[in-house]
Amino acid sequence: MIQMHKNIERMQSRLEFLYACGLQKDGSHTRMAFSPEDQKGRELFTSWCKEIGLKVRQDAAGNLIARLEGKCADLPAIIMGSHLDTVPDGGKFDGALGCVAGLEVCQALVEGGIQCEHPLEVIVFSDEEGFRFSAGMVGSSAFVGKEQGLNAKDLDFTEETREDVYRQAGIDFPKMLEAKRDPKTVHCCLELHVEQGGNLDQMGLAVGIVSSIAGVKRMQITIAGESNHAGSTRMDQRHDALVGAAKFIGKLPERVRALGNQYTVGTVGSIRVEPSAVNVIPGKCEFSLEIRDQNAKLMDKLAEALRIDLEQICREAGVSYCWQDQLSHEPMPMHESLKKLIQVEAEAHCIPFTQLPSGAFHDSLLLAEHFPTAMIFIASVAGKSHCKEEYSRPEDIGYGYKLLLDTVLAADKIKAFD
Ligand code: HGY
Ligand code: MN
Ligand code: MN
């Protein structure tokens, strides 16, 4: 039988090695999409795949696809996917857990002399986080053939263009959609991921079965005022772009609470001021705005209400604004019979669980539009994620991995998902 402690230790050690790939000069750890650190993590992961005998290729969108053949090569693949890119100093588990657990499933089967009927694929989707160029799930979008309206000339904060950065990563920007996967070649998709919220930890549960994944809308807001002297410009003569932004941002939490529900969130995560000098009134302010919810109509309503707020605030502050939509994905329920399969396996192996929605988005949000897709969560201690305090217990990693393995073996016995 496949012992667990060896698998847990190997997954933990791989998570540590991947984390070390992201070490920055200031001691933080980041594998920003398409950065040298991301590339280092991908090369390391590829070497592990090859050691086990998986064939590895990179598709036109930079997704790494590691394949373990099954008894019947022409059967559609069971895909276990996630991402290796991280947010700045984002912890050890977000994305990487799903990748190392998928690899562990393959390695455990190879070591146990067990060959599935279906081929298994572990996929590392490129640029899931989307903080470098502001549109996330780049690899999984192309994998499902979804045009995201990306622009070759988009600039990242180092003023490099998207097409140049992609070219250095071996991706020919105009040909990315060639990565589109034929649904006939996919049996199902399973993603193991940390919850990134505190529900499981508060309930004392190791595992969650994801019911649905929140939708997300991302906008870039630019407010234009007038730079002027901070000392000689009277308060009633100012057109201060930062004051306009601050009034809007200050109102955001109350508006989201008023118009939303427990799952509705709104965040301004990044902001830039020009000329950003202590003695100059800010003439320009750019910030990101992101809203998420489990209900698409509510998201649309909230976005419209926030735009009206911004319009009014800018009028009163004597400044103007530009509202640029950047990313919009609808919420997505997970596949019913695949969820049921995970549930049956959890019950059969006495792994206590609950069903819960995901506030974070994942590559599975897009995969679920085209393939039978489901997600397994493990607890994030204190609900911390997207920060270096992100942590999941070894025993919970074990439960999540075990449930992933058992679900793969159960899915292998199913002819097709409806
Ligand atoms: O932002 C997210 O929800 C995900 O972690 N990329
Ligand atoms: Mn993630
Ligand atoms: Mn993330």
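Residues numbered from 1 in each chain as written. Chains lettered and ligands numbered in written order. Predicted model: local features only at pLDDT ≥ 70, side-chain atom pairs only at ≥ 80, totals over all residues. Heavy atoms only, no water.

(A) Representation of the overall build of the chain in the model. Secondary structure assignment for the chain yields 11 helices and 16 strands. Relative to its length of 418 residues, the chain is compact, with a C-alpha radius of gyration of 23 Å against a globular reference of 22 Å. Reported as C-alpha extents along the three principal axes, the dimensions of the chain are approximately 80 × 45 × 40 Å. By residue count, 56% of the 418 residues in the chain fall in the buried class. Pairs at least 24 residues apart make up 78% of the contacts formed inside the chain by residues separated by at least 6 positions. For the chain, the exposed surface amounts to about 17900 Å²; the carbon and sulfur share of it is 53%. The positive charge centre, built from 45 side chains, and the negative charge centre, built from 60, are 1 Å apart in the chain. (Helix = DSSP H or I, 4+ residues; strand = E, 2+ residues; numbered from the N terminus. Rg over C-alpha atoms; globule rule 2.2 N^0.38 Å. Buried < 20%, exposed > 50% of the residue type's maximum accessible area, 1.4 Å probe, protein only. Contact = heavy atoms within 4.5 Å. Areas by Shrake-Rupley, 256 points an atom, 1.4 Å probe, with all protein chains shown as cover. Lys, Arg positive; Asp, Glu negative; His and termini not counted. Charge placed at Lys NZ, Arg CZ, Asp CG, Glu CD.)

(B) Summary view of the coordination of the manganese ion (ligand 3). Looking at the manganese ion (ligand 3), one finds its protein donor set to be Asp-94 (OD), Glu-129 (OE), Glu-129 (OE) and His-386 (NE2), positioned 2.0 to 2.6 Å from the metal centre. Sequence spacing of the donor residues for the manganese ion (ligand 3), all on one chain, is D-x34-E-x256-H. A distance of 3.5 Å spans the gap from the manganese ion (ligand 3) to the manganese ion (ligand 2), which Asp-94 bridges by coordinating each metal. Pair noted here: Asp-94 is in the loop between β3 (77–83) and α3 (96–111) and Glu-129 is in the loop between β4 (120–125) and α4 (138–143), with a separation of 35 residues, a long-range link. Note on Asp-94: relative accessible area 5%, which makes it buried. (Donors = N, O, S within 2.8 Å, 3.2 Å for Na, K, Ca; no water.)

(C) Molecular detail of the site of ligand 1. The environment of ligand 1 is made up of Asp-94, Glu-128, Glu-129, Gln-196, Arg-292, Ala-360, Phe-361 and His-386. Side-chain polar atom of Glu-129 to a nitrogen atom of ligand 1: 2.8 Å apart, as the coordinates give it. Separating an oxygen atom of ligand 1 from a side-chain N or O atom of His-386 is a distance of 3.0 Å. For ligand 1, whose unbound accessible area comes to 210 Å², protein coverage reaches 96%. Among the residues forming the shell around ligand 1, the class breakdown is 2 nonpolar, 2 polar and 4 charged. (Near = heavy atom within 4 Å. Polar contact = N/O pair within 3.5 Å; in protein donor to acceptor, adjacent residues only side chain to side chain. Nonpolar A, V, L, I, M, F, W, Y, C, P; charged D, E, K, R; others polar.)

(D) Seen up close, the packing of aromatic side chains. Counted according to the given criterion, the structure contains 9 aromatic pairs. Look at Phe-93 and Tyr-391: their rings are 6.1 Å apart centre to centre, the planes differ by 85°, and that puts the pair in the edge-to-face class. With Phe-93 in the loop between β3 and α3 and Tyr-391 in the loop between β16 (373–378) and α11 (394–412), the pair connects residues that are 298 residues apart, well separated along the chain. A residue is classified by how much of its surface remains accessible, and Phe-93, at 6% relative accessible area, is buried. Its guanidinium or amino end placed over the ring of Tyr-19, Lys-92 lies 5.0 Å from that ring's centre, counting from NZ or CZ. (Phe/Tyr/Trp six-rings, centres within 6.5 Å; stacked < 30°, edge-to-face > 60°. Lys NZ or Arg CZ within 6 Å of the ring centre and 35° of its normal.)

(E) Examining the coordination of the manganese ion (ligand 2) more closely. Protein-derived ligands of the manganese ion (ligand 2) are His-83 (NE2), Asp-94 (OD) and His-193 (NE2), with the metal-ligand distances lying across 2.1 to 2.3 Å. Along the chain, the residues donating to the manganese ion (ligand 2) fall in the pattern H-x10-D-x98-H.

(F) How the structure looks around the pairing of strand β1 (residues 55–58). One ladder, built from 4 bridges, connects β1 with strand β2 (residues 64–68); its direction is antiparallel. Of the residues in β2, the one forming a bridge with Val-56 is Ala-66. Hairpin connection, β1 to β2: the antiparallel pair is bridged by 5 residues, and Gly-62 has positive phi, about 85°. (Pairing = 2+ DSSP bridges.)

All we've got here are geometric facts, nothing functional implied.
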